[in-house]
Amino acid sequence: MPRFVRLMPLARLLLLPWLIVPTSQAQEPATKAFEQRNIPLSLIFSEWRQNGNNANTYICACDRASCDTRPGWPFRSFRTGESIPVLGEANLNDARRDGFICGRR
């Protein structure tokens, strides 16, 4: 039997983690995923609606070299032009204080 045929089962095992990761990420709530990486903001707005959040929503873009949302959600820094979703007026005020410019969605 040729060597590459014997190695095929091993190759499948090496690919297994790549197949599992997207599935676990797909089950992760959008708001949690956004804490780690940029995702489409529409996913977060949809999650908020599905959870019954009826407050006004905003899209805010960083208007400084760096905008840090910590200690608040999404607990990370953003560069000029990167956007975040915002739920409600209290969070809107926090975002503006952190260096974001915002518009109502």
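Residues numbered from 1 in each chain as written. Predicted model: local features only at pLDDT ≥ 70, side-chain atom pairs only at ≥ 80, totals over all residues. Heavy atoms only, no water.

Draft legend 1. Summary view of unusual backbone geometry. Following arginine 70, the chain continues into proline 71 via a peptide bond in cis, with omega recorded as 15°. As for its position among the elements, proline 71 is in the loop between strand 2 (66-68) and strand 3 (77-79). Residue proline 74 is reached from tryptophan 73 by a cis peptide bond, and omega for that bond is 10°. Within the fold, proline 74 resides in the loop between strand 2 and strand 3. Despite not being glycine, phenylalanine 75 has its phi angle at roughly 60°, a positive value. Mapped onto the elements, phenylalanine 75 comes out in the loop between strand 2 and strand 3. (Helix = DSSP H or I, 4+ residues; strand = E, 2+ residues; numbered from the N terminus.)

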